[in-house]
Amino acid sequence: MSSVNGVNATSTQTSTSSSQQKKPDELGKMDFLNILVTQLRYQDPMNPLDDKEFIAQLAQFSTLEQMTEQTKWAQMSYGLGLVGQEVLFRTDDGQYGQGVIKSLRMVDGQPLLSFGETDIRLDQVIEVAEPIAATESDETAE
């Protein structure tokens, strides 16, 4: 019996430390796997988990993981497209700022746009200015 309690305590400790790194209402892939393992561990031997249900849950997990990766790559691609662009942004304290984005870096899976000393998130960008070279070529074409 004590070994079962030790396993449960380790699982609880692992999920607690991983949940501290994300939003409290957000479930991650480790949470899903922990639920699936718990479900398999405590299933009724006389009425085991239906194979179709198990496969459906694995497919949902795989789809969720793919969507998460696609979202991360889309954000990173968008952020890379903003490098060298002048943007208007709103800071966390409600102030507005403007500057040319120098670089993009990933911190905890989230893209941060850098102006040198200042970093902002993608959701803080309000407006992207049209590139100067494109504006000049449009005016000479007219």
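Residues numbered from 1 in each chain as written. Predicted model: local features only at pLDDT ≥ 70, side-chain atom pairs only at ≥ 80, totals over all residues. Heavy atoms only, no water.

(A) Main features of the pairing of strand β2 (residues 96–100). Alternating residues of β2 divide into Gly97 and Gly99, all buried, and Tyr96, Gln98 and Val100, none buried. By the bridge criterion, 5 bridges tie strand β1 (residues 86–90) to β2 in an arrangement that is antiparallel. Residue pairing across strands places arginine 90 opposite tyrosine 96, the latter belonging to β2. Linking two consecutive strands that pair antiparallel, namely β1 and β2, is a turn of 5 residues; a positive phi of about 90° is found at glycine 94 within it. (Buried < 20%, exposed > 50% of the residue type's maximum accessible area, 1.4 Å probe, protein only. Helix = DSSP H or I, 4+ residues; strand = E, 2+ residues; numbered from the N terminus. Pairing = 2+ DSSP bridges.)

(B) Quick peek at the pattern of salt bridges. Scanning all chains against the criterion turns up 4 salt bridges. The partner of arginine 121 in a salt bridge is aspartate 92, with the nearest N and O atoms 3.2 Å apart. Placement of arginine 121 in strand β5 (residues 119–121) and of aspartate 92 in the loop between β1 and β2 is noted, with a sequence separation of 29 residues between them. Residue class for aspartate 92 comes out exposed when judged on its relative accessible area of 63%. (Salt bridge = Lys/Arg side-chain N within 4 Å of Asp/Glu carboxyl O.)

(C) Just the sheet that holds strand β3 (residues 103–107), in detail. If you walk across this open sheet you meet the 3 strands as β3-β4-β5, and the pairing is antiparallel. Where the open sheet ends on each side, the last strands, each with one partner, are β3 and β5. Taken pair by pair, the neighbouring strands of this sheet meet at an average axis angle of 40°, ignoring direction. Strand direction decides the pairing type here: β3 and strand β4 (residues 110–114), joined by 5 bridges, are antiparallel. Opposite serine 103, over in β4, you have serine 114 as the bridge partner. Docked against the sheet, helix α3 (residues 51–82) engages β3 and β4, running at close to 155° with respect to β3. (Axes fitted to C-alpha atoms, helices over the stretch in contact; angles between N-to-C directions. Contact = heavy atoms within 4.5 Å.)

(D) How the structure looks around α3. Between the first and last C-alpha of α3 there are 47 Å, a value that for 32 residues agrees with the 46 Å anticipated at 1.5 Å per step. Within the span of α3, buried status applies to Gln57, Phe61, Met76, Gly79 and Leu82. Where α3 is buried, its residues touch α2 (29–41), β3, β4 and β6 (125–128). One or two steps after α3, the chain reaches glycine 84, where phi turns positive at roughly 90°. (Expected span 1.5 Å × (residues − 1).)

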